[in-house]
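Residue-level listing of the chains:
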Amino acid sequence: MKIEINEYGNLLLERAGKMKEVYCPYALGIDGDVNGWDTHCGDWCALFGELKYINIATSGKGETITGYELPLCKKSIVVFKDSFTDKRKTND
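For clarity, every value in this text was computed on a predicted model and none was experimentally measured. (Residues numbered from 1 in each chain as written. Predicted model: local features only at pLDDT ≥ 70, side-chain atom pairs only at ≥ 80, totals over all residues. Heavy atoms only, no water.)

Draft legend 1. Representation of the overall build of the protein chain in the model. Scanning the protein chain from terminus to terminus reveals zero helices and seven strands. Along its sequence from the N terminus, the protein chain presents helices and strands in the succession β-β-β-β-β-β-β. Considering only contacts within the protein chain whose residues lie at least 6 apart along the sequence, 33% involve residues at least 24 apart. Roughly 6700 Å² of accessible area belongs to the protein chain as shown, and the carbon and sulfur atoms make up 50% of that amount. (Helix = DSSP H or I, 4+ residues; strand = E, 2+ residues; numbered from the N terminus. Contact = heavy atoms within 4.5 Å. Areas by Shrake-Rupley, 256 points an atom, 1.4 Å probe, with all protein chains shown as cover.)

So this is what it looks like as structure tokens:
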């Protein structure tokens, strides 16, 4: 699996070989009903955690395998280092 945070801070996941936008199933619509199909999962949300660089495992050769953990509202996503892309602009 690959994950990407695009230039707008929205989360995309690889599904069936294509990067697909993730929508929030918990966002409230105008009428107060849960209606997240038009609200992107992204860094605008207070429950979208800070990306953490982590050690995932140790290979049979004793090498450390690294990656990223992205905490979200209901779960965390863990991917290998080369399976993550962050396209957000920095304010340097």
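The structure having been displayed, the exposition proceeds.
Draft legend 2. Quick peek at the nonpolar core. If you look at the biggest cluster of nonpolar residues, it comprises twelve residues: I3, I5, L11, L13, C41, F48, Y68, L70, L72, I77, V79 and F84. At the level of secondary structure, the elements contributing two or more residues to this core comprise β1 (3–5), β2 (11–15), β5 (64–71) and β6 (76–80). In this structure I3 touches L12, L13, M19, L70, I77, V79, S83, F84 and T85, once residues within four positions along its chain are discounted. (Core = buried A, V, L, I, M, F, W, Y, C linked by side-chain atoms within 4.5 Å. Buried < 20%, exposed > 50% of the residue type's maximum accessible area, 1.4 Å probe, protein only.)

Draft legend 3. Representation of the sheet that holds strand β7 (residues 84–86). As summarised here, the arrangement of the four strands in space is β3-β2-β1-β7, forming an open sheet in which the pairing is mixed. Single-partner strands in this sheet number two, and they are β3 (18–21) and β7. With direction set aside, neighbouring strand axes in the sheet form an average angle of 25 degrees. (Pairing = 2+ DSSP bridges. Axes fitted to C-alpha atoms, helices over the stretch in contact; angles between N-to-C directions.)

Draft legend 4. Expanded view of a nonpolar patch on the surface. Taken together, the side chains of I56, V78 and F80 define a hydrophobic patch exposed on the protein surface, amounting to about 260 Å² of accessible area. With respect to the helices and strands, F80 occurs in strand β6. (Patch = residues over 30% accessible without salt bridge, like charges linked within 9 Å, V, L, I, M, F, W, Y side chains within 5 Å. Salt bridge = Lys/Arg side-chain N within 4 Å of Asp/Glu carboxyl O.)

Draft legend 5. Representation of the sheet that holds β5. A sheet is described by the order of its strands in space; here three strands give the open sequence β4-β5-β6, paired in antiparallel fashion. Looking at the sheet topology across the chains shown, the edges are occupied by β4 (52–58) and β6. Adjacent strand axes in the sheet meet at a mean angle of 35 degrees, parallel and antiparallel pairs treated alike.

Draft legend 6. Inspection of the packing of aromatic side chains at higher detail. Within the structure shown, the criterion is met by two aromatic pairs. When the ring of Y53 is compared with that of Y68, the centres are 5.4 Å apart and the planes differ by 65 degrees; the resulting orientation is edge-to-face. Of this pair, Y53 sits in strand β4 while Y68 sits in strand β5; the two residues are 15 residues apart in sequence, bridging distant segments of the chain. Taking 5.0 Å as the distance between ring centres and 45 degrees as the angle between the ring planes, the aromatic pair formed by Y68 and F84 counts as tilted. Of this pair, Y68 sits in strand β5 while F84 is found in strand β7, placing the two residues 16 residues apart along the sequence. Each of the two residues, Y68 as well as F84, counts as buried. (Phe/Tyr/Trp six-rings, centres within 6.5 Å; stacked < 30°, edge-to-face > 60°.)

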